[in-house]
Amino acid sequence: MEVAGGMRKASSHASMAGEPDDFDLTRLLNHRPRINVERQRSFDDRSLADLSISGAASRGGGWGGYMESYESMYYSPGGGQRSFCGTPASSTRLSFEPHPLVFEAWDALRRSLVCFRGQPLGTIAAVHHSSDEVLNYDQVFVRDFVPSALAFLMNGEPEIVKNFLLKTLLLQGWEKRIDRFKLGEGAMPASFKVLKDPKRGVDRLVADFGESAIGRVAPVDSGFWWIILLRAYTKSTGDLSLAESPECQKGIRLIMNQCLAEGFDTLPTLLCADGCCMIDRRMGVYGYPIEIQALFFMALRCAVLMLKPDAAEGKETMERIATRLHAMSYHMRSYFWLDFQQLNDVYRYKTEEYSHTAVNKFNVIPESIPDWVFDFMPSRGGYFVGNVSPARMDFRWFALGNFVAILASLATPEQSAAIMDLVEERWEDLIGEMPLKISFPAIEAHEWQIVTGCDPKNTRWSYHNGGSWPVLLWLLTAACVKTGRLKIARRAIELAEARLARDGWPEYYDGKLGRYVGKQARKLQTWSVAGYLVAKMMLEDPSHLGMISLEEDKALKPSVLKRSASWTV
Ligand code: GLC
């Protein structure tokens, strides 16, 4: 066993019982959070233009200078009380009567809490499961925990989020293998679970980095969500000590090293395998899927805000991030963006253009534009398409990528408004009777056979193939708050409230309008519950948006770069 950076390396199959990681966790946990809030200029306002590192270093190499103490003003059915596993906090401090579903949801969320050696550490994917599902769904999925974490942060209960961030960081330190192949150091698990060992009286952790996952895909999104959550925690509590700790700084750098590694790429977007994100099975989302690109962009922006420039490694990583962000925002805003005008331009593209003067840079053949796009595209509105790579534009609309693009300010303010316009214009298609379509439209027949490999779970208008996922409600609401389109969020939440609890908080709904509880949808799915709570809390107190949203960085303004210069600068 090797000891590196204070973290023990062990096989991912090995137990962590009674081992040195406890020391790290306890040491950091004993450190009382410094509760601060930014006044004039927070770390979030750090612009890429400020990343002349000497400038940042002269501000003290951290964010402390921008912070001052604050009083907690959380919306709090738990009254901000510390809650322990399995004990729903009671409502003591409410200034208004929340929707009855809110109490039911908090109760369900607390029932999903999982403890590790007496400390709440995360939420399992589904609270209730029939016996044959037990093996799969008592795991804490990193991506599933994000809405739960936000709900706890918004409710003034940051400890569980801190425990989660620290524990997953320790898991990152494990040696990860799939057969005889060793995974990159930075990889974060898709999920982990706590195994109770009544005989030895200790808990053990078992993590999955893709070696158990269906299709053996490593979750590229986990590391990005981890960084995004670390920033949300910092922003919400003002506790800088966690993100500034050498362990977290190293964790961020490892993730960055992995996704910024140089290869043969000609594009600044991140190349990845099918099924490496929320859509975690073959669905034609390989290459440069929008979900990963938007999360990648957001994680880069969060990382650059949190990295300490005083260490040489931090400074170097920050410079690489800044360069990548510039290239990515230009690329995404230009080539992934589709609106009526752009669609018309693609429709009229010439093909086989050689040299850097080409307009149709990726050689998209107009005949490959599917018929449905012409009807779907309103005169008012637009969106980031699903994927762009040589001779391939995936015209499908994906919810997560588009809303994260708004939150990360990857979309310009005009593009953000257009994405919301599209939701309004295509309400039936994208929201229907249950928010929110994961992707639109469904793929069918021969295309379904080819693209999914005949996946019986991803038949048309089901699951990842045009199914409706209540968890996405929190992202829709956050995007609405950011763009000032609260009416959309209210309408969507009302639809969810009419059915979600009655149907038992299913994982997803099926059908063109999302009318039917999904064929194999699990009930009491934790992130359906948490997504609803986050949406409600955000609407009631829009200031919560700050923890999950980044303002536009002026240094990334499109006017700075001219389209024709893209291949030469
Ligand atoms: C499904 C989803 C995935 C989620 C997991 C646990 O596989 O596709 O995104 O993380 O269930 O809920």
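Residues numbered from 1 in each chain as written. Predicted model: local features only at pLDDT ≥ 70, side-chain atom pairs only at ≥ 80, totals over all residues. Heavy atoms only, no water.

Before we go on, may I ask you to explain unusual backbone geometry in this structure?
Of all residues except glycine, most have a negative phi; of all peptide bonds, most are trans. Backbone torsion omega between Pro-435 and Leu-436 reads 25°, so that peptide bond is classified as cis. The topology assignment puts Leu-436 in the loop between helix H16 (427-430) and strand E15 (439-440). Cis geometry marks the peptide bond from Phe-440 to Pro-441, where omega comes out at -10°. Tracing the chain through its elements places Pro-441 in the loop between E15 and helix H17 (445-452). In this structure, Ser-409 takes a positive phi of about 60° despite not being glycine. Within the element layout of this structure, Ser-409 appears in the loop between helix H14 (399-407) and helix H15 (413-425). The exposure class of Ser-409 is buried, given its relative accessible area of 5%. Although it is not a glycine, Tyr-463 adopts a positive phi angle of roughly 50°. (Helix = DSSP H or I, 4+ residues; strand = E, 2+ residues; numbered from the N terminus. Buried < 20%, exposed > 50% of the residue type's maximum accessible area, 1.4 Å probe, protein only.)

Can you walk me through the pairing of strand E6 (residues 119-123) in this structure?
Looking along a regular strand, one sees side chains alternate from face to face of the sheet. Counted residue by residue, E6 has four buried out of five residues, so it is predominantly covered. Where strand E5 (residues 113-116) and E6 come together, four bridges link them in antiparallel fashion. In the strand pairing of E6, Val-114 is matched with Gly-122. Between E5 and E6, which follow one another and run antiparallel, lie two residues, and Arg-117 among them has a positive phi close to 50°. (Pairing = 2+ DSSP bridges.)

Got a minute to help me understand the site of the ligand in this structure?
Contacts to the ligand come from Ala-125, Tyr-137, Phe-141, Arg-143, Asp-144, Met-278, Asp-280, Tyr-463, His-464, Glu-507, Gln-525 and Trp-527. Residue Asp-280 places a side-chain N or O atom 2.7 Å away from an oxygen atom belonging to the ligand. About the coverage of the ligand: the protein hides 97% of its 310 Å² of free accessible area. Of the residues in the shell around the ligand, the class split is six nonpolar, two polar and four charged. (Near = heavy atom within 4 Å. Polar contact = N/O pair within 3.5 Å; in protein donor to acceptor, adjacent residues only side chain to side chain. Areas by Shrake-Rupley, 256 points an atom, 1.4 Å probe, with all protein chains shown as cover. Nonpolar A, V, L, I, M, F, W, Y, C, P; charged D, E, K, R; others polar.)

Scope: geometric values only; no functional claims are made or implied.
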